[in-house]
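Each chain is listed here by its residues.
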Amino acid sequence: AVLPRPAIEFYDLYPPKDDIRADVITALSSTPKSLSPKYFYDQNGSQLFDQICELPEYYVTRTEIGLLQEFGDEIAALIGERAILLELGSGSSTKIRTLLNALKPKAYVAMDISKAHLINAATVLAEDFDWLDVHAVCVDFSAPWQLPMEIEGKRTAFFPGSSIGNFTPAEASCLLKQIRQLVGQGGELLIGIDLIKDTAVLESAYNDPQGITAAFNKNLLIRLNRELDANFNPDKFRHASIWNEAESRIEMHLFSKEDQVVVIDGELFRFEKGESIHTENSYKYSLPGFAELASEAGFQSVKVWQDRDKLFSVHLLRC
Ligand code: AVJ
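Here, residues in each chain are numbered from 1, in the same order as that chain's written sequence. The predicted nature of this model means local features are confined to residues of pLDDT at least 70 and side-chain atom pairs, given and counted, to a pLDDT of 80 or more, with totals for whole chains, interfaces and linings taken over all residues.

Where an unreviewed UniProt entry is consulted, the protein chain appears under the name L-histidine N(Alpha)-methyltransferase, with the organism given as Alteromonas ponticola.

As structure tokens, then:
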């Protein structure tokens, strides 16, 4: 027999498909060479990222979940019941589970670019929280968007994981303004922000001795080999993560170990020994630094939580 599944409401905003071929050729033809971190997350890359989240050195995920658990009741009391909870880049909707029983929202709207994964995660969530009205919206939230449905109620956006760290401060400011449009006057944003800290702690979080982060970084090359008929030899590149103090960001690079030529889709790309492909930026903030970014975007700080080692912060903002 087929078990009745609580229905979720699905809306497709048809995010434009990435043109990985054109993007990669442009980015590798430029100096310095770079690739967008969004291309990390093929099936393999998503699995490697889940492994990164379990690493002892990668404090980010563990510390944020700890904060959501420890302060969940306080967060819920400040937000109040029956909010419309909107998660940006909901992925597997794992972190929100920590808050749902305390928050008792009127509805949960999962928003993600990856359609199949989104529908699956939202459906499983609706089964586990059968009292919750679950919606799923397939959308690319890095470009302007609007909610496709009418739901009455105060809106609270949830943007965990310091995902905003992949954006430059200028882009992050635009995204925060877009979120302010989404939640409207009196609406809120609950956001996870990674903090500036000791260089050794930061660099080892992105340079684990097991080599999982290196495998995650090099998986990008393997993906290009498969999808673009490229001939990268991942062994001829060295993974490195470097703290850039002036820009307040961890940079991930793949350094060419020798002079070499790589063929992508019939085009030749020359790499000098020591030349890098810059694959990711992960911006870190001080508490005042992030408060300033948020206030420029029109948000007021309601409360900030951080762990005792001051590794990570969760902010409740209101506009
Ligand atoms: C998913 C962007 C938050 O920057 O910490 C982890 C990605 N890259 N290890 C981060 C990542 C290498 C992660 N974000």
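This is not the end of the story, as more comes after the structure.
*Asks:* In this structure, what is going on with the overall build of the protein chain? I would like to understand it.
*Replies:* Along its length, the protein chain carries 10 helices and 14 strands. Each radius of gyration reported is based on C-alpha atoms, and the globular scaling rule is 2.2 Å times the count of residues to the power 0.38. The C-alpha radius of gyration of the protein chain comes to 20 Å, within 12% of the 20 Å expected for a compact globule of 319 residues. The principal-axis extents of the C-alpha atoms in the protein chain amount to approximately 60 × 50 × 35 Å. Field definition: a residue is buried when 20 or more other C-beta atoms are found within 10 Å of its C-beta, exposed when 12 or fewer are, and partly exposed for counts in between, with C-beta atoms placed from the backbone. Of all 319 residues assigned to the protein chain, the portion counted as buried reaches 35%. Throughout, a residue-residue contact means that the two C-beta atoms, derived from backbone geometry, are no farther apart than 7 Å. When contacts within the protein chain are restricted to residue pairs at least 6 apart in sequence, long-range pairs at least 24 apart make up 69% of them. Strands are runs of DSSP state E lasting at least 2 residues, helices are runs of H or I lasting at least 4, and numbering of each runs from the N terminus.

*Asks:* Quick question: what am I supposed to make of the sheet that holds strand β4 (residues 107–112) here?
*Replies:* Adjacent strands of a sheet form backbone hydrogen bonds with each other and so pair up, either parallel or antiparallel. Across the sheet, eight strands lie side by side as β1-β5-β4-β3-β6-β7-β14-β13; this open sheet has mixed pairing. For this open sheet the edge positions go to β1 (9–12) and β13 (300–306), each flanked by a neighbour on one side alone. Across the sheet, the mean angle separating the axes of adjacent strands is 20° when strand polarity is ignored. The criterion for strand pairing is that DSSP finds at least two bridges linking the strands in question. With six bridges joining them, β13 and strand β14 (residues 312–318) adopt antiparallel strand pairing. Bridge assignment links W305 to a residue of β14, and that residue is V314. Axis lines are fitted to C-alpha atoms, over the contacting stretch for helices. Their N-to-C directions set the angle, which ranges from 0 to 180 degrees. The sheet contacts of helix α3 (residues 59–70) involve β7 (188–194), β13 and β14, and relative to β14 the element is tilted by about 50°. Its contacts with the sheet place helix α6 (residues 115–128) against β1, β4 and β5 (133–138), and it is angled at close to 175° to β5.

*Asks:* Honestly, the site of the ligand in this entry has me stumped. Any pointers?
*Replies:* Defining nearness, a residue is near a molecule or strand when the C-beta atom obtained from its backbone falls within 6 Å of it. In the neighbourhood of the ligand, the contacting residues comprise I52, V60, G161, S162, S163, G165, N166, Y206, T213, E280 and S282. Residues belonging to the shell around the ligand are distributed by class as follows: three nonpolar, seven polar and one charged. Here the nonpolar group is Ala, Val, Leu, Ile, Met, Phe, Trp, Tyr, Cys and Pro; Asp, Glu, Lys and Arg are the charged ones; every other residue, Gly included, is treated as polar.

*Asks:* Whenever I open this one, the nonpolar core confuses me. Can you help?
*Replies:* Nonpolar side chains in soluble globular proteins tend to be buried together. For this entry, the nonpolar core is defined as buried Ala, Val, Leu, Ile, Met, Phe, Trp, Tyr and Cys residues connected by C-beta atoms within 7 Å. Ranked by internal contacts, the top residues of the largest apolar core, which has 60 residues, are L86, A122, A157 and L189. The contacts of L86, once residues within four sequence positions are left out, are V109, M111, R155, A157, F158 and L182. Counting residues in hydrophobic clusters, the runner-up holds 17 residues, among them V24, Y41, L48 and L221.

*Asks:* Just checking my understanding: could you explain the pairing of strand β8 (residues 237–244) for this structure?
*Replies:* In the case of a regular strand, side chains alternate between the two sheet surfaces. Summarising the sheet, β8 and strand β9 (residues 249–256) pair through eight bridges and their orientation is antiparallel. Its bridge partner being in β9, H239 is matched across the sheet by L254. Taking the residues between adjacent antiparallel strands as the criterion, β8 and β9 are bridged by four residues, where S248 takes a positive phi near 55°.

*Asks:* Would you mind going over the packing of helix α7 (residues 169–183) against helix α10 (residues 287–296) with me for this structure?
*Replies:* For any two helices packed against each other, the geometry comes down to the angle between their axes and how far apart the axes lie. The N-to-C vectors of α7 and α10 enclose an angle of 50°; their axes lie 9 Å apart at closest approach. Taken together, the axis directions place α7 and α10 in an arrangement best described as oblique. Classified by chirality, the crossing of α10 by α7 is right-handed. For the pair α7 and α10, the contacting residues are P169, A172, S173 and L176 in the first and L293, A294 and E296 in the second. Of the residues that constitute the contact of α7 with α10, the class distribution is five nonpolar, one polar and one charged. These descriptions rest on fixed angle ranges, namely under 35 degrees for roughly parallel, over 145 for roughly antiparallel, 65 to 115 for roughly perpendicular, and the rest for oblique. The hand of a helix crossing depends on one turn: near helix anticlockwise from the far one by less than a right angle means left-handed, and clockwise means right-handed.

*Asks:* What is the right way to read the sheet that holds β9 from this model?
*Replies:* The strand order across the open sheet formed by four strands is β2-β12-β9-β8, and the pairing between neighbours is mixed. Lying at the two open borders of the sheet, with one neighbouring strand each, are β2 (33–34) and β8.

*Asks:* Just checking my understanding: could you explain the environment of P209 for this structure?
*Replies:* Structurally, P209 can be placed in the loop between α8 (199–205) and α9 (212–228). Between the alpha carbons of P209 and V24 there is a distance of 29 Å; along the sequence they are 185 residues apart.

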